[in-house]
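# Structural features, examined
Below, each chain spelled out in residue letters.
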Amino acid sequence: MECVVQGIIETQHVEALEILLQGLCGVLKERLRIHEICLKSGPNLGAVASEVRLLCDLEQPEPTWTVRHIGGAMRGAGAEQISVLVRTMVESKVSKNVLRLFYALGYKLDHELLRVGFAFHFQRGAQITVTVSSVNKMLKLHATDEAVPVTPGIQMVEVTAPASAENYTEVVSAVSSFCEYLAPLLHLSKPGISTGVVPTAAAAAASLMSDGGGTTL
Amino acid sequence: MPLKWVLHWQPNAGSTVNSQILSEVSQCVESINGLKQGRWKATITLYKPHTREPSLAAEFPRDFLGVSVPEQPNKYYFIIRGQRIVLEADSSIQTIMEKLQSYKTRIALNFDGFQYQLGDFQLRVGKVSPTHSENLRGIVMEVEYLPISSMEKARQIMGEFLEIWQEAVSKRSLPGQFMHIEPNFAEYGLADHYTSQHTAVQYAIVMAQLIATVQAVQSVRN
């Protein structure tokens, strides 16, 4: 399982967000360059239609591959009330011929993306990961060198933390309270519920840029 | 990692494998001073596509296998022999496949038995039986040569060891023999330096042989 929230920020404020995150997390950022291939089961395969993502980490000296399956979100009155999405998520690191295997099994390419940005990994009540990235599409199949932004001038921010059935309430509250620190720059919500950019972003970014993140917002 | 050859017991025409042969083989390892060390286990699963119309199954691979090997308990291997694909994955890939509901288990076999040390060689003798059953379906043996990782460099010493081994087994006049079929690893994109993916491919070959043997016995009966 994982807890997840997402938001968007204008590219011009990303530097300020980076300064803020650096101050909050106390760790160095990691560069992010992920080629994401989304596959769907062919029309005749499977008890139900299924979807799987292959992630190729292009930041590594030798690109590494991961298979990710995102399952259904937790439902019910309790899940409605919390501001964080809790969903099943399983990952497996795999060798580089994974795309060939899934094609052979009857999966088809649905779409592919290139995410370019940075990430922070840190412990703050939970093992939190914040990624800030521009989402790019490929004009030609797998041509990651010729990718163009899907939404120019806007970057995506995602906060995730692994959780289990036993501890997810604590993880949800850790993620929620962390998100409050970012509120002046961006608003984070459950995936699929976009709340747009926040009006205070420009002022908050200016303040951060002028004092290097030393002032508590 | 050290290289190994995976062998399977090939019964003589008209005979079948039984537990007496397995016990004789184990005694044979001990008779050439094999030191019993502990148990080992591998699993192999043959999957079938989950199709909405059974007639459409022909569109999908019929030889899709999942293998767990004793030396890598946290890994899982997928093989499609017809297309010469072998994939190494974290064992969590099994959970992903369950969630996808696109393939389901057709046959699941356990390979388990004892491990023996014999100088620089490690032998693993095991019975092949369906999961949740004790029925003996076959016998496998792994011969691992610890000092070398290159398939080519070890070929001679492995061949010599097998000669000694076959001679020891032949004294017992058992109705069959161990066979070693070496796959063309290069076709799977595997190099001379031995890895667990090589082991997984060898298991896939053994699985194909077991199925062929069972089918041959059935066709004789029919």
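These remarks concern the structure in this document.

Calculation rules
Residues numbered from 1 in each chain as written. Chains lettered and ligands numbered in written order. Predicted model: local features only at pLDDT ≥ 70, side-chain atom pairs only at ≥ 80, totals over all residues. Heavy atoms only, no water. Helix = DSSP H or I, 4+ residues; strand = E, 2+ residues; numbered from the N terminus. Rg over C-alpha atoms; globule rule 2.2 N^0.38 Å. Buried < 20%, exposed > 50% of the residue type's maximum accessible area, 1.4 Å probe, protein only. Contact = heavy atoms within 4.5 Å. Areas by Shrake-Rupley, 256 points an atom, 1.4 Å probe, with all protein chains shown as cover. Lys, Arg positive; Asp, Glu negative; His and termini not counted. Charge placed at Lys NZ, Arg CZ, Asp CG, Glu CD. Buried area = accessible area lost by both parts, 1.4 Å probe. Salt bridge = Lys/Arg side-chain N within 4 Å of Asp/Glu carboxyl O. Polar contact = N/O pair within 3.5 Å; in protein donor to acceptor, adjacent residues only side chain to side chain. Phe/Tyr/Trp six-rings, centres within 6.5 Å; stacked < 30°, edge-to-face > 60°. Lys NZ or Arg CZ within 6 Å of the ring centre and 35° of its normal. Expected span 1.5 Å × (residues − 1). Bend = angle between axes of the 7 residues up to and from the residue. Patch = residues over 30% accessible without salt bridge, like charges linked within 9 Å, V, L, I, M, F, W, Y side chains within 5 Å.

Here we come to the overall build of chain B. In terms of regular secondary structure, chain B is built from four helices and nine strands. The globule rule puts the C-alpha radius of gyration for 222 residues at 17 Å, and the 18 Å found for chain B is close to it. Taken along the three principal axes of its C-alpha coordinates, chain B extends 55 × 45 × 30 Å. Taking all 222 residues of chain B together, the buried fraction comes to 48%. Sequence separation of 24 or more characterises 66% of the internal contacts of chain B that already satisfy a separation of 6 or more. Carbon and sulfur atoms make up 48% of the accessible area of chain B, which amounts to about 10400 Å² in all. Computing the positive centroid from 21 side-chain charges and the negative centroid from 21, chain B places the two 8 Å apart.

The helix and strand inventory of chain A stands at five helices and nine strands. What you see in chain A, going N to C, is helices and strands ordered as β-α-β-β-β-α-β-α-β-β-β-β-α-α. Relative to the compact-globule value of 17 Å for 217 residues, chain A shows a C-alpha radius of gyration of 18 Å, a close match. Each of the three principal axes of chain A carries a C-alpha extent, and together these read 55 × 45 × 30 Å. Expressed as a percentage of its 217 residues, the buried residues of chain A come to 47%. Pairs at least 24 residues apart make up 66% of the contacts formed inside chain A by residues separated by at least 6 positions. When the accessible surface of chain A is totalled, it reaches about 10500 Å², and 55% of it is carbon and sulfur. Averaged over its 17 positive side-chain charges, chain A has a centre that lies 7 Å from the centre of its 21 negative ones.

What follows concerns the interface of chain B and chain A. The partner chain A presents 28 residues to the 29 residues of chain B that form the contact. Counting each side, the surface lost to burial between chain B and chain A is near 2500 Å², with a carbon and sulfur contribution of 63%. Interface area lost by chain B to chain A is led by Arg52, Ile96 and Leu100 of chain B, which between them contribute 25%. In this assembly, chain B and chain A are joined by zero salt bridges. Across the chain B-chain A interface, the total number found is 14 residue pairs in polar contact (both at pLDDT 80 or more). Secondary-structure elements contributing two or more residues to the side of chain B that touches chain A are β4 (75–80), β5 (85–90) and α2 (93–100) of chain B.

Residues and elements named next belong to chain B. Evaluation of the coordinates by the stated rule reveals 13 aromatic pairs over all chains. Ring centres of tyrosine 47 and phenylalanine 64 lie 5.0 Å apart, and the angle between their planes is 35 degrees; on these two criteria the pair is classed as tilted. Taken together, the residues span a long stretch of sequence, with tyrosine 47 in strand β2 (residues 35–49) and phenylalanine 64 in strand β3 (residues 64–68) at a distance of 17 residues. The pair formed by tyrosine 47 and phenylalanine 64 is uniform in burial state, with each residue classed as buried. Here the aromatic rings of tyrosine 76 and phenylalanine 78 are separated by 5.5 Å at their centres, their planes lie at 90 degrees, and the arrangement is edge-to-face. In this pair, the class of tyrosine 76 matches that of phenylalanine 78, namely buried. Lysine 36 extends its terminal NZ or CZ atom over the ring of phenylalanine 114, reaching a point 4.0 Å from the ring centre.

Another point: helix α3 (residues 151–170) of chain B. Residues and elements named next belong to chain B. Between its first and last C-alpha, α3 extends 26 Å over 20 residues, near the 28 Å set by a 1.5 Å rise per residue. Approximately 30 degrees is the largest bend angle found in α3, and it occurs at isoleucine 157. Turning to α3, its buried residues are Met151, Ala154, Met158, Phe161, Leu162, Trp165, Ala168 and Val169.

Before going further, it helps to examine the pattern of salt bridges. Under the definition given, this model contains 23 salt bridges over all chains. The shortest N-O distance in the salt bridge between glutamate 91 of chain A and arginine 68 of chain A comes to 2.7 Å. Residue glutamate 91 of chain A is found in strand β5 (residues 85–94), and its partner arginine 68 of chain A is found in strand β4 (residues 64–73); the two are separated by 23 residues along the sequence. The class of glutamate 91 of chain A is partly exposed, set by a relative accessible area of 34%. Classification of arginine 68 of chain A as partly exposed rests on a relative accessible area of 24%. For arginine 124 of chain B, the salt bridge goes to glutamate 142 of chain B, with nearest N and O atoms at 2.6 Å.

A separate point is a nonpolar patch on the surface. Where nonpolar side chains cluster on the molecular surface, the patch consists of Tyr103, Leu109 and Leu141 of chain A and spans about 270 Å² of accessible area. Relative to the assigned elements, tyrosine 103 of chain A resides in helix α3 (residues 98–105).

Quick look at the side chain of threonine 129 of chain A now. Residues and elements named next belong to chain A. By the element assignment, threonine 129 lies in strand β7 (residues 127–138). With relative accessibility at 16%, the residue threonine 129 sits in the buried group. When residues no more than four places from it in sequence are discounted, the contact partners of threonine 129 are Phe120, His121, Glu158, Val159 and Thr160.

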